[in-house]
Amino acid sequence: MSTAIPVRTVCPYCAVGCHLDLLVENGRVKGLEYAVDSPVNAGRLCAKGHAALEILYHPDRLQHPIQRSPSGWKPVSWDHALETAAEKIRNIVTAYGPNALAFLSTAKGTNEENYLVQKLARVVGTHNVDHCARLCHASTLTGLGPMLGLGAATNPLSDLSQSHCLFFVGSNPAENHPVAFRWVQEAKDRGARILVADPRRTPTAWIADLHLPLRPGTDLALLAAMLHVIFQERLQDDAFIARRTRGVEALRASVKHTDPTWAARLTGVPARDIVRAARMYATAPRASLIYCMGVTQHVVGTETVRACADLALVTGHVGSLGSGLFPVRGQDNVQGACDMGALSGLLPGYRPVTDREARAFFESAWGLPPGALGAAPGLTVTEMEQAAGRTVRGLIAIGENPVVTSPESRKTRESLQRLDFLVVVDLFMTETAELAHLVLPAAAWAEKSGSRTNTDRRVQWSPKAVDPPGEARPDWKIVIDLAHRLGLGQFFPYGSPEDVLEEIRRIVPAYGGISAGRLSQAAEGIAWPCPDETHPGTPVLYENHFATEDGLARLYPIEFREPPEMPDADFPYCLTTGRVSLHYNSGAMTRRSPSLFSRSPHLFVEIHPDDAAREGLRHRDRVRLITRRGSIEAQAHVTGSVCPGVLFAPFHFPQTNAITQNMLDPSAKIPEFKTAACRLEKMEGKGP
Amino acid sequence: MSGFLHVDFRRCTACFACETACRTAHGGGLRIQLAFVDGLPVPLMCRHCEQSPCAAVCPEHALVWDQDHGVTLLADRCTRCGLCAVACPFGVLFVDPFAQPSVIKCDLCRARRAEGKRPACVLTCPTEAITEEPHHSLRRRRLTTPVFPIAGKPPRPFQGGASRASRKRNDMV
Amino acid sequence: MRETPTRQRLIIDFEKCCGCFACAAACPEKRIAFSDQGTERRFSAPGVCSGECETCRKVCPVDAIVLEPFPLEDDECHPPALTWTLPLVRCRRCGEPFTTEKIRRMTMEKLTMLLEAPDAVSDWVPVCLACRRIEEAHRVRTATRTLPDPLR
C-alpha cells in the first residue's frame, strides 16, 4: 500500500471551488484522489480538474527569475531580481510620480495575495490596481451594486437544484462550470423548466425546455420585452415590489413600448417564445436567473445586468431558497479578488475610493498619513493598456496575460512594449511574459496556502501540499519581499498568509469571522458576510433586506441601445466569443496540458450550414476571419448550433482577441468582447 | 450481475470529464471517448458484448467474455496482432503493438474496483450520464421525470442475436 | 549479448501474410518492422536471425512464417533481407486507409461465420475506427430522435 498522504486543496480552475485531494509522498504529488466526501463536488471533477496535475509538474514551469538582456533571457538570483524591480519602481515613482505605475493583480491568486497587491499599490501611492474581473464581471459590480447593495451571487449554486425555473442568459455552465451543472440537471430531473437565451445551442441549451437563440448583443431587448409581458399580464409580484423595492413606476414606463413584436425584430427570437419565457419565469414558485459573460461583456453590460436584476426583483425571485440571481464567476478567486479591493475604484470590502470616510478608515488602518490615498479612481485594465508607455511607465503583472485576454491584442502588445519596465509574475512564459523585462516564477495553487472565495461567496482554505519547483515562490511572498525592498516593510509585517487574513478580518467586515483556523475546519468553507467568529456565514443574501442604505432594492429603467458594431454589407457576420469545456481563459495552463490540448488543439470558428454553403465552406476547411481590426486564421466547424449570421470562436487561443472590439462600457469599462462585425474568406487546403 | 455501465447520452454535456478521468485512472489511453454527430456527443466505450466480435476473431482466445467481467483481456495470451480492433463494431478497442498493455479498451476499472472504488468515469461524471445503476432504477427515474421521451431502438449493427449484449447493458432503455 | 550458437533462416509466405503486426510486436530483437506508406503496408525482416526463439512463428495468426536452421558458417550464401508489401484498404466513409485488404476480408469472413447476424457485419467492417464511432453516435441519436434541426 502506498504511504501517500491526501491533502485537500481547492481546484485552481473555475469558480465552483471543487475539492481536489492530492496524494503527497516524499514531497511530491503522486496522484489525484477524488474527494468523494466533499460537500462541494462529491468526488466529481471536470476535464480541467483532472488535468490540473499536468500543470503542477509541467516541464515549462518557470523555475528561476529571468531578466531580459541584449543577448536574450538570463537567469538571475531572487536578490538581484527583486533589487532590480525595486530600483526601477523607485526610479519611475521619482521621475513620474506613483501614478506612472500600474499593478495587475490576479483572480488566480488567493485573497491574501490580492489584498497584498492592492495594499502595495495604494501604499506606493496609486489606485492603478486592477485585475481580470474588469474583463468579466465588472458590469455586475457597477450594475448590481447600486441596485441590491452587493455585486455578488445571491445564492449558492447548489440552490439551483431547488428552483422550479432556471433562466440562463448568456451563460453556459455545462461547459464552463461542469461540476455545478449537476445541480441544474437535478432540478431538471425534478421537473424544473429550463430557459436558455444564447445565440448558440450550447450544451446548456441541450436540456432547455425553451431556447431563445437571440442575436448577440440584443439581450437587453429580450429582457425588456419580458418585463413588458410581465407588467402587461400582471405577472409581477406586487407585494414584493411594494415591500422591498423602489422605482417600479420608472421601470414600468420604460418598458411600456418594448413589446415582444419589437423585440422579435431586434433579437430574432419569435415573439411567441418571448411571451412563453416571461410567463414561465414569472409564474414559477421559485426561479433563478443565471447570467454570465453573454450579458456582461457588452458596452451595455451594466444596463443588461440591471435588466436581469429588474426581472428578478419584479417577480420576487430574490432572497430565498431556490430563488436568486447568479452572476456566475469564471475563475477560482475572482470573487475574492474583488472583495479584496484589487480594483481601481474600490478599496477592500467594496468601499469606493471616492468616499472620504472610507479613505480615512484605510489610512488609519494601514498607518498612512491622512490624505495619502487619492480621491480619484485609478486606471482599469483596459485603461492601463491604453496608457502604457504614455502616462504609465511601469507595470507589475501578476498572473495575468493581457496580450491574450484583452481586446484588439495587437494594440495591447504594442503598448506593453512601450513600457519602461514590465515585470511579469507567472507559472509559465506566457505571451505577456515574452514582452517583459523581468519574469518572476510563481507558485501554483498546490504550492501555497491561502483562502479563496468561490462564486457562492464561499471562502475556502486551500493548504500548501508541496514545495514550488526550483526557486519559484508564492505571490504573497514576492509582494512582501518587493515591499520590503521598496522600504515599505513597516506596512507589510507578515510572515504567512494567516497573518494577512487576520488583517483582512479587521478591515473587511464581511470577512470578520473568517479565520484561517475556522476555515480549515469547515468542510465547505464559510459564505461571507460573516461578521464575527460565531456567525455561521450567509449562503443566501437579502432574505429580509437588501444591502442598500434603506434596505430596499432599486429598480432601474431600461433603455435599449444597439451593439456598437452591427453586421453590414462589408462585414456581414457577427462574431461572438466564449469558452469551450477543454480550455480555460488565456489557455496559458490548458494549452500546456497534453490531455486537454490533444482533444482541442485548434482555434475553430463555428458557422451555420446555410452560411457555410454561401461561402462555399465545408467542415474543417481553413478560413480567414476579418474584422476592422485585423484578420486571423481558423478551422471552420459547420454546425447547426449557431444562428445564421453568427460566428463563434473560443478565446483561449492568442489569435481570437486580435480581432475583437475595444469599445468599453462607460461605467464598468468592460470591453465589448461579444460582438464584432466580421467577414470570412475561404483559404486553400484543409485545416491543420 | 452488476457493474456494467449505463450511459444516458442525453444527460451528457460533452465536458470530457470521463475521458480525462479514464486517462488518469489508467495512466493514458482513450478507453472512453466522445463521438460527435452534428455537434452532439455520445460517450462510447467497450460495450462488453455477449457475442463479442473482438473475442470471435482473436486467434489466441485472449479476449474472453464472462457474466461478471464482460470482455476481459488475458494479456499473457495476446499476440498484439490487432485483429480485434478491426472487428469491433464501435471502434472503441485499440491495439498499440509496442505499448503495455497492448489492447486498450474499457476494463470497467477492474483495478479501482479491487480497491473498493467506483469506476473513474462513473464517479466523475458531473451529470450522472454514466452510471452503474441496475436497469430497473434507471427506468424508474425516467418515468418519474417525463422530460425526455423514453425511446429506444437498439443500434443497427447488432441485429438479432448479436445485439443481445448491447441492448441489455448499454444506453438504450 | 551472448553469442548465439545457431542461426535460423526466415521463410515468409507472402501470399499467406495478412499484414497484422503480431510478429513485429513479438520479435524480442525488434528486427521485424512495418510502416504504412500511402495505400501500402511495408514490412521488412532479416533473412537470417539469431536462431534461439520461435516467437514470430508462434504468434503468426495465419502461419505464414517458417523457420529453418541455417548453418553458422555459411556466410557465402547469406539470404537477403526480406521486404514485402500488402495493399491497405480505404475506409468506405472517410476514404483514409486503415487496415490491410486481407485483414478486412478475414474479419468479414470470420464474423459472418461466427455471429448470428451475418448481414450486419458488412455495416462496420469496411469502415475505419473513427468513422465507426461517428456512425454509432449517429445511429444512437437517430434511434432516440435526439438529432435537432439547425437553428433558424
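Calculation notes
Every chain begins its residue count from 1, and numbering advances along the sequence as written. Numbering of ligands from 1 and lettering of chains from A proceed in the order in which they are written. Local features are withheld for residues below a pLDDT of 70 in this predicted model, meaning they are given only at 70 or higher, and side-chain atom pairs are given and counted only at 80 or more; totals for whole chains, interfaces and linings count all residues. With hydrogens and water set aside, each side-chain value is computed from the structure's full complement of heavy atoms. When DSSP locates at least two bridges between a pair of strands, those strands are taken to pair. Under the DSSP-based scheme used, a helix requires at least four consecutive residues in state H or I and a strand at least two consecutive residues in state E, with every element numbered from the N terminus. The salt bridge criterion pairs a side-chain nitrogen of Lys or Arg with a carboxyl oxygen of Asp or Glu, the two atoms within 4 Å. Relative accessible area decides the class of each residue, using a 1.4 Å probe on protein chains only: under 20% of the type maximum gives buried, over 50% gives exposed, and in between gives partly exposed. Whether two residues are in contact is decided by their heavy atoms, any of which lying within 4.5 Å being enough. Here's the idea: put two parts together, see how much 1.4 Å probe accessible area each one loses, and the total over both is what we call buried area. Ring geometry is summarised as follows: Phe, Tyr and Trp rings, the Trp one being its six-membered ring, pair when their centres sit within 6.5 Å, and such pairs are stacked at plane angles under 30 degrees, edge-to-face over 60 and tilted between the two. Only Lys NZ and Arg CZ are tested; either one counts as a charge over a ring when it is within 6 Å of the ring centre and within 35 degrees of the ring normal. Domain borders in the structure are assigned automatically or taken from a domain database. We define a polar contact as two N or O atoms separated by no more than 3.5 Å, with the added condition that, inside protein, one atom must be a possible hydrogen donor and the other a possible acceptor, whereas residues neighbouring each other in sequence contribute only through side-chain atom pairs. As a working rule, the residues Ala, Val, Leu, Ile, Met, Phe, Trp, Tyr, Cys and Pro are called nonpolar, Asp, Glu, Lys and Arg charged, and the rest polar, with Gly in that last group.

J.: Could you give me a rundown of the sheet that holds strand β4 (residues 48–49) of chain C, with the residues and numbers involved?
T.: Residues and elements named next belong to chain C. Strand order in this open sheet of 3 strands is β4-β1-β5, and the pairing throughout is antiparallel. One side of each edge strand has no neighbouring strand; the edge strands of this open sheet are β4 and β5 (65–70). Note that strand β1 (residues 7–12) and β5 share 6 bridges and pair antiparallel. Residue pairing across strands places Ile11 opposite Val66, the latter belonging to β5.

J.: Help me get a handle on unusual backbone geometry, residues and values and all.
T.: Residue A:Trp528 is joined to A:Pro529 through a cis peptide bond whose omega torsion reads 0 degrees. Backbone geometry at A:Ala42 places phi at a positive 45 degrees, although glycine is not the residue there. With respect to the secondary-structure elements, A:Ala42 resides in the loop between β3 (28–34) and α1 (47–50). A positive phi angle, near 50 degrees, is found at C:Asp63, a position not held by glycine. Assignment of secondary structure puts C:Asp63 in the loop between α2 (55–59) and β5.

J.: Can you lay out the pattern of salt bridges for me, pointing to particular residues and giving the numbers?
T.: Residues and elements named next belong to chain A. Under the criterion given, the structure shown has 56 salt bridges over all chains. One salt bridge in this structure joins Asp481 and Arg473, with 3.1 Å as the shortest N-O distance. Assessed through its relative accessible area of 21%, Asp481 is described here as partly exposed.

J.: Please give an account of the interface of chain C and chain A that cites residues and values.
T.: Between chain C and chain A, the residue contacts involve 5 residues of the former and 12 residues of the latter. Interface area for chain C against chain A, summed over the two sides, is near 570 Å², with a carbon-plus-sulfur share of 58%. Ranking the residues of chain C by area buried against chain A places C:Pro150, C:Leu151 and C:Arg152 at the top, with a combined share of 85%. Where chain C meets chain A, there are 0 salt bridges.

J.: I'd like a rundown of the packing of aromatic side chains, residues and numbers included.
T.: A full pass over the atoms with the stated rule returns 17 aromatic pairs over all chains. Summarising the aromatic geometry, the rings of C:Phe21 and C:Phe34 are spaced 5.1 Å apart at their centres and angled 20 degrees between planes, so their arrangement reads as stacked. Here C:Phe21, found in the loop between β1 and α1 (22–26), pairs with C:Phe34, found in strand β2 (residues 33–37); they are 13 residues apart in sequence, far enough to count as distant. Overall, the relative accessible area of 13% leaves C:Phe21 in the buried class. The class for C:Phe34 is partly exposed, based on a relative accessible area of 23%. Of the aromatic side chains, those joined through ring pairs into one cluster are B:Phe98, C:Phe14, C:Phe21, C:Phe34, C:Phe43 and C:Trp84. Geometry around A:Tyr57 places A:Arg28 over its ring, the cationic atom sitting 3.9 Å from the centre.

J.: Before we move on, could you go through the side chain of A:Gln185 and cite the residues and values that matter?
T.: Within the secondary structure layout, A:Gln185 lies in helix α8 (residues 181–189). The class of A:Gln185 is buried, set by a relative accessible area of 1%. When sequence neighbours within four positions are dropped, the list of residues in contact with A:Gln185 reads A:Ile207, B:Arg11 and B:Thr127.

J.: Would you mind going over the domain arrangement of chain A in detail, with residue names and values included?
T.: Residue and element names in this part refer to chain A. For chain A, the assigned domains read domain 1 (5–56), domain 2 (66–135 + 332–527), domain 3 (138–327) and domain 4 (573–686). Just the C-alpha atoms count here: the centres of domain 2 and domain 4 sit 31 Å apart. On the side of domain 4, 21 residues touch domain 2, which itself brings 20 residues to the contact. For the pair domain 2 and domain 4, the summed buried surface comes to about 1800 Å²; carbon and sulfur atoms form 55% of the total. On the domain 2 side of the contact with domain 4, Val404, Pro407 and Glu408 bury the most area, a combined 30% of that side's loss. The interface formed by domain 2 and domain 4 contains 2 salt bridges. Here Lys669 ties to Glu383 by a salt bridge, and the two come within 3.4 Å at their closest N and O atoms. Broken down by secondary-structure element, the contributors of at least two residues to the side of domain 2 that touches domain 4 are α5 (133–136), α19 (381–387), α20 (402–405) and α21 (409–417). With 3 residues, the top contributor of residues to the side of domain 2 that touches domain 4 is α19.

J.: Talk me through the interface of chain B and chain C; I want residue IDs and the actual numbers.
T.: How big an interface is tends to be expressed through the accessible area that disappears when the partners come together. Residue-level contacts link 46 residues of chain B with 38 residues of chain C. Here chain B and chain C share an interface that buries about 3700 Å² over both sides, 69% of which is from carbon and sulfur atoms. Viewed at the interface, chain C and chain B are joined by 1 salt bridge. For the salt bridge of B:Arg47 with C:Glu136, the shortest nitrogen-to-oxygen distance reads 2.8 Å. Where chain B packs against chain C, one counts 9 residue pairs in polar contact (both at pLDDT 80 or more). When contributions to the side of chain B that touches chain C are tallied by element, the ones reaching two or more residues are β2 (32–37), β3 (40–45), α2 (53–57), α3 (83–87) and β6 (94–95) of chain B. Partitioned by chemical class, the residues of the side of chain B that touches chain C number 31 nonpolar, 7 polar and 8 charged.

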